[in-house]
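Fold and geometry: a report
Read off the chains here:
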Amino acid sequence: MLVNTSLSNIQVPTNVYNKDPEILNGIYMSEALNPIFMENFKKDPTLTWQYFGGSSGFFRLYPGIKWKPDENGVIAFDCRNRGWYIQAATSPKDVVILLDISGSMKGLRMTIAKHTINTILDTLGENDFANVIAYNDYVHYIEPCFKEILVQADRDNREHFKQLVDELHAKGVGIVSKALTEAFQILNKFKENGQGSLCNQAIMLITDGAVVEYEPVFEKYNSPDRKVRVFTYLIGREVTFAESVKSIACDNKGYYTQISTLADVQENVMEYLHVLSRPMVINHEHDIIWTEAYMDSALFASQAQSLLLMTTVAMPVFSKKNETRAEGILLGVVGTDVPLRELLKLAPRYQLGIHGYAFLNTNNGYILSHPDLRPLYREGKKLKPKPNYNSVDLSEVEWEDSNETLRTAMINSETGSLSMEVKVPVDKGKRVLFLTNDYFYTDIINTPFSLGVVLSRGHGEYIVIGSTTEEEGLHDLQTPDLTLANEWIYCITDIDPDHRKLTQLEAVLRSLNGEEADLECDTELVQEVLFDAVVTAPMEAYWTALSLNISKDSDEGIEIAFLGTRAGLIRSSLFTGAEKRTDKKFLTVEDKESIFTMDHFPLWYRRAAEYPPGSFVYSIPFEDIQADSNHNDKVVTASTAVTVTIQQKTAITAAVGVQITLNVLRSKFWTATRQCDTFEGRCPMRCEDETLSCYLMDSNGFLLISKDDQQAGKFFGEVDGSVMTQLLNMGMFRQVSMYDFQAMCKMVPHHHNGAQPLQNLFSSTLATMKWMITNLFIFLLEFNICGIWHSDSTVQAKTFFHHSHRHRRHETLQPCDTEYPVFVHETTIREANGIIECGDCQKHFVVQQIPSSNLLLLVTESVCDCSSIYPPVTLEPKEVKYNASVKCDRMRSQKLRRRPKTCYAFHPEENAQDCGGAAGISPCIMLLSMPLILTLKLLRR
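First, a word on scope: everything that follows refers to the structure included in this document. The structure displayed is predicted, hence computed values, not measured ones. (Residues numbered from 1 in each chain as written. Predicted model: local features only at pLDDT ≥ 70, side-chain atom pairs only at ≥ 80, totals over all residues. Heavy atoms only, no water.)

In this section: the overall build of the protein. If you tally the helices and strands in the protein, you get 27 helices and 37 strands. A buried classification covers 54% of the 941 residues belonging to the protein. Excluding contacts between residues fewer than 6 apart, the proportion of contacts in the protein whose partners are at least 24 apart in sequence is 71%. Working note: accessible area of the protein is about 43,000 Å², and carbon and sulfur atoms make up 52% of it. (Helix = DSSP H or I, 4+ residues; strand = E, 2+ residues; numbered from the N terminus. Buried < 20%, exposed > 50% of the residue type's maximum accessible area, 1.4 Å probe, protein only. Contact = heavy atoms within 4.5 Å. Areas by Shrake-Rupley, 256 points an atom, 1.4 Å probe, with all protein chains shown as cover.)

This part takes up the state of the cysteines. The final tally for this structure, using the stated rule, is 7 disulfides. Shown here is the disulfide that connects cysteine 145 with cysteine 888, its sulfur atoms set 2.1 Å apart. A torsion of 105° about the S-S bond marks the disulfide between cysteine 145 and cysteine 888 as right-handed. Note that cysteine 145 is positioned in the loop between strand 8 (139–141) and strand 9 (151–152) and cysteine 888 in helix 25 (residues 884–892), a separation of 743 residues in sequence. For cysteine 145, a relative accessible area of 8% puts it in the buried group. (Disulfide = S-S within 2.5 Å.)

Let us now look at the sheet that holds strand 35 (residues 841–849). Reading across from one edge, 31-30-36-35-34 is the order of the 5 strands in this open sheet, with antiparallel pairing throughout. Only two strands of the sheet have a single neighbouring strand rather than two, namely strand 31 (703–705) and strand 34 (831–838). Each strand axis lies, on average, 30° off the axis of its neighbour in the sheet, ignoring direction. Bridge analysis of strand 30 (residues 692–698) against strand 36 (residues 855–861) gives 7 bridges, and the strand direction is antiparallel. Bridging from a neighbouring strand, cysteine 694 pairs with valine 859 of strand 36. Each of strand 30, strand 34, strand 35 and strand 36 touches helix 21 (residues 721–730); the most contacted strand, strand 35, lies at about 60° to it. (Pairing = 2+ DSSP bridges. Axes fitted to C-alpha atoms, helices over the stretch in contact; angles between N-to-C directions.)

The next subject is helix 6 (residues 176–192). Relative to the 24 Å expected for 17 residues at 1.5 Å per residue, helix 6 spans 24 Å between its end C-alpha atoms, a close match to the ideal helical length. Considered for burial, the residues of helix 6 that qualify are Val176, Ser177, Ala179, Leu180, Glu182, Ala183, Phe184, Ile186, Leu187 and Phe190. Looking at the buried residues of helix 6, the elements they touch are strand 6 (93–100), strand 7 (129–135), strand 8, strand 10 (200–207), helix 7 (215–221) and strand 11 (228–235). (Expected span 1.5 Å × (residues − 1).)

Moving on: the pairing of strand 30. Counted residue by residue, strand 30 has 7 buried out of 7 residues, so it is predominantly covered. Sheet topology places strand 30 next to strand 31; 2 bridges connect them, and they run antiparallel. Bridge assignment links leucine 696 to a residue of strand 31, and that residue is isoleucine 705. Once strand 30 ends, the chain turns through 4 residues before running back antiparallel as strand 31, passing glycine 701 with a positive phi of about 85°.

Spatially, the 5 strands line up as an open sheet ordered 18-17-23-22-21, and their pairing is antiparallel. Strands at the two margins of the open sheet, each flanked by one partner only, are strand 18 (367–369) and strand 21 (416–426). Across the sheet, the mean angle separating the axes of adjacent strands is 35° when strand polarity is ignored. Here strand 17 (residues 357–361) pairs with strand 23 (residues 450–456) via 5 bridges, running antiparallel. Bridging across to strand 23, leucine 360 finds its partner in leucine 451.

Our next topic: the pattern of salt bridges. Tallying each qualifying case throughout the model produces 24 salt bridges. Residue lysine 162 pairs with glutamate 159 through a salt bridge whose shortest N-O separation is 3.4 Å. Taken together, the residues lysine 162 and glutamate 159, both in helix 5 (residues 155–166) and 3 residues apart, mark about one turn of the helix. Two residues, lysine 592 and glutamate 487, come together in a salt bridge whose shortest N-O distance is 2.5 Å. Residue lysine 592 is located in the loop between strand 26 (569–574) and helix 17 (603–608), and its partner glutamate 487 is located in the loop between strand 24 (482–484) and helix 14 (504–513); the two are separated by 105 residues in the primary sequence. Like glutamate 487, lysine 592 is buried. Three or more residues joined by partner-sharing salt bridges are found here, namely Asp122, Arg155, Glu159 and Lys162. (Salt bridge = Lys/Arg side-chain N within 4 Å of Asp/Glu carboxyl O.)

Moving on, we come to a nonpolar patch on the surface. Taken together, Ile489, Ile492 and Ile495 make up a surface patch of nonpolar side chains, about 200 Å² in accessible area. Here isoleucine 495 is to be found in the loop between strand 24 and helix 14. Overall, isoleucine 495 belongs to the partly exposed group, its relative accessible area being 39%. (Patch = residues over 30% accessible without salt bridge, like charges linked within 9 Å, V, L, I, M, F, W, Y side chains within 5 Å.)

All right, on to the pairing of strand 36 then. Of all the 7 residues making up strand 36, 6 are buried; the element is thus mostly covered by neighbouring parts of the structure. Across 5 bridges, the pairing between strand 35 and strand 36 is antiparallel. Across the sheet, the residue bridging to glutamine 849 is leucine 856, located in strand 36. The antiparallel hairpin formed by strand 35 and strand 36 contains 5 residues in its connecting segment, where serine 852 sits at a positive phi of about 55°.

Another point: the environment of asparagine 364. Among the secondary structure elements, asparagine 364 is positioned in the loop between strand 17 and strand 18. Placed 46 residues apart in sequence, asparagine 364 and methionine 410 show a C-alpha to C-alpha distance of 10.0 Å. Beyond its immediate sequence surroundings of up to four residues, asparagine 364 is in contact with Glu126, Asn127, Gln152, Asp393, Arg407, Ile411, Leu896 and Arg897.

In this section: the side chain of threonine 661. Tracing the chain through its elements places threonine 661 in strand 29 (residues 649–661). Its relative accessible area of 10% is what places threonine 661 among the buried residues. Here threonine 661 is in contact with Gly557, Glu559, Thr582, Lys634 and Val635, once residues within four sequence places are set aside.

To characterise two packed helices, one gives the angle between the axes of the helices and the distance between these axes. Relative to each other, helix 13 (residues 470–477) and helix 14 sit at 145°, their axes nearing to 11 Å. Pair helix 13 / helix 14 crosses with left-handed handedness. Residue-level inspection shows Glu470, Leu474 and Leu477 of helix 13 in contact with helix 14, the latter providing Leu505, Val508, Leu509, Leu512 and Asn513. Broken down by class, the residue content of the contact of helix 13 with helix 14 amounts to 6 nonpolar, 1 polar and 1 charged. (Left-handed = near helix turned anticlockwise from the far one by under 90°. Nonpolar A, V, L, I, M, F, W, Y, C, P; charged D, E, K, R; others polar.)

The subject of this paragraph is the packing of aromatic side chains. All chains considered together, the criterion is met by 31 aromatic pairs. Seen in terms of ring centroids, tyrosine 739 and phenylalanine 741 are 6.2 Å apart; in terms of plane orientation they differ by 15°. Their pairing is stacked. Three or more aromatic residues joined by ring pairs form one cluster here, namely Trp488, Tyr490, Phe562, Phe586, Phe596, Phe601, Trp604 and Tyr605. (Phe/Tyr/Trp six-rings, centres within 6.5 Å; stacked < 30°, edge-to-face > 60°.)

With that settled, the discussion passes to helix 2 (residues 33–43). For helix 2, the full list of buried residues reads Leu33, Asn34, Phe37 and Phe41. Along the axis of helix 2, the buried positions cluster into a sector of 105°, meaning they face one direction only. In helix 2, the exposed residues that point more than 90 degrees away from the buried face are Pro35, Lys42 and Lys43. (Arc of directions from axis to C-beta.)

With respect to the secondary-structure elements, threonine 818 resides in strand 33 (residues 813–825). Leave out the neighbours within four places in its chain, and threonine 818 touches Met738, Tyr739, Asp740, Ala743, Cys745, Pro877, Lys878, Glu879 and Val880.

Next up on the list: the packing of helix 15 (residues 523–536) against helix 16 (residues 538–549). Between helix 15 and helix 16, whose axes approach to 5 Å, the crossing angle comes to 30°. On the basis of the axis angle, helix 15 is roughly parallel to helix 16. Contacts between helix 15 and helix 16 involve Val534, Val535 and Thr536 from the former and Pro538, Met539 and Glu540 from the latter. A per-class count over the contact of helix 15 with helix 16 returns 4 nonpolar, 1 polar and 1 charged. (Parallel < 35°, antiparallel > 145°, perpendicular 65-115°, else oblique.)

Along the chain, alanine 170 turns up in the loop between helix 5 and helix 6. It is 9.6 Å that separates the C-alpha atoms of alanine 170 and tyrosine 135, two residues lying 35 residues apart in sequence.

A separate point is unusual backbone geometry. Here the amide bond leading from tyrosine 62 into proline 63 is cis, since omega sits at -5°, within 30 degrees of zero. If you trace the backbone, proline 63 turns up in the loop between strand 4 (59–62) and strand 5 (64–65). Here serine 223 and proline 224 are connected by a cis peptide whose omega angle stands at 0°. Residue position: proline 224 is located in the loop between helix 7 and strand 11. In this model, asparagine 446 sits at a positive phi of 65°, which is unusual for a non-glycine residue. Positionally, asparagine 446 belongs in the loop between strand 22 (431–443) and strand 23. You can call asparagine 446 exposed: its relative accessible area is 71%.

Following this line, the structure appears as structure tokens:
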């Protein structure tokens, strides 16, 4: 993605006229930001993007980049829809949306009304609260579970509302007074109980007119102060009821618009934001806001998933002219992106130990960054953001905090600590670590965020920093087999432009050599890595001698030996040519699990640290097993921890390991079993016997070796459910229940997809087009000729068909909660044997733990098939189904949150008479001349 740091560029959405005088004036005015953007970037190059969003719809972005339209040629990005713009421009709000579903709202009107509601919902955020009520003869809460309450307008609730709105149908007679009464009662109740946003309150009335007997309601609930603003949206071209609908808005400090087409929706909905911004603008307040996390797609391939996220710092920009003070003119919002990895630098990775980590959460309890946050999911071959990736609650990743003690303390901006016994999933949830974690937390000043730091007991208490000279360390750092954790900050390289292309290893070397005296480095970390470099330097010679001793004619199978230290140093030595390596990704940035990152230590290091020193931990990468059916070409990774004991204090300082090809390991295994008789009778059965099946599996039940080569990497319970069941009953294995509150599950067939709100719009657009073609030809001409909506209808129709075709190929997924099992060997039981009764036959088995490893040898009879009696034991996750009552309770629950500190709801100087006007339908010269053009064409024939 090419950028130009010498200029900014302008983007205007396709549906906004880019020659509008207001647009042109705004672009000219905002040119003054260019030198400011450049100076900011010069001072702090970590500012990924800086930008200004104009209230008229244009967007100025620095550094400059060429905007690419989507596959249909449309630029849909509108800065005014973005959370940073809305949050900076307005204070938090409680909103009740009232939708007229009387019989007169059928057809196109209902389609426009639904799109209007969806657009309003898109302007709400996690600091807002909302409900949607439909009315005709009666008042209908579209979600009965939300009766008489407001719910937080997070993404899950917004999408749920959209799904329910799509299912509404028009019928009956509209009685607006009942709906208004219900809305006022909800708002008053929440305010009196100290619930909701405790700031702006608004009612959005969407109707096609015929509103009668509404004055008494406003007199009772909203006079004389008019604390609840009312915004009215008149749907359709009918103007008979325009004055009465407008008076509702004007008498209640709101705004009135008439929406005649789908193309009118976006601009007209945006007007309410300008009204809500008036008090803040009149006050000339420059509140700085920080948004929830959002995805930077450019980082998909380069960072750990939990570090893909960004936050925006933004503030409003407004006119200070005295003559327009009462109008409260918002010019736009200026903002900059902040990568969350920059905030995580507050807790340097090397100080946190093997299992330690830092995390961030918002005032609403949502995760900003956490090692267990997984914002992406795979659809086919593509990685996509999960629909609710930025509304994952802290209690859903630290789910063993059942009383939410940690969450409550962090929401309340407290500083403190607590301890918990936790089960940590690793290796894509296939394995689990049992840890005792100490949590330390505090708030980050001048932000709505809190920082948590986790240290695991038994790891991280001590750091070994030996004394070594810079000359010694510098020599040993420059060996070709050595790398440093490039995501760690040994030296700060992102400030000076000349340093940005340096790797961390290059930066350390230049700093020590005196070539870059102005490089700022972490003295303690550099000293630690210098010591590690000196201590581990002999490994290079050892590995070289070992590889030379291996006969060229014998295939020993070792492909690479490696070592990692707590300081983020990795040494490695190839025992085979680089082009012949089976796992070429290992120890590279393509395999994040195998290297040091800002998120975690390598998996082989973390697992080795949980076994006694000298014990080797074996595993097969699950991705490799799934990617290729040819298991003979796979590798097994084996690693062990290295400890140092000084004055009776022990610290794990490193882990070493090798990768060996699976086929060689299998060959050695079968050779060993044939020599079983020599092991003092410890092997009662011979694996070469055709009536026997021998398995080598790890402590989580995954097979490394069996007679069937295709079973490598499979869970043993799926291969032989009878033996696995017996091992569980005997206590040699135990099942651990784990939970995933970020899972994606297949949708129930024939159910509306709340995670795909645009599809409803596409369907609506097609319905609108059909209506126009059959009922109002002249209306269709207006769309195509006047350019009110350009060619968006055709574009969206094409997109809809493409979208539908795509979903015939892939299962549609939606967020869900799942429970899944992990199986763990009880190390206190080293061997076991038994007999399984299987009807007409008996199955004998024996299992033994292999010393100094995480492996077990299992031998069982293969002639007795017990599969009809004992089903397989699987690892399949099960979706957690909630009954209607529990689901409702979960949806209604108001979790503890911390409200923003400031609120600007009203100002006495506000000009409430600026409350909207007549329908925004401008004459089209081409349309007026259309009959003449058609006549001329007919005459030419």
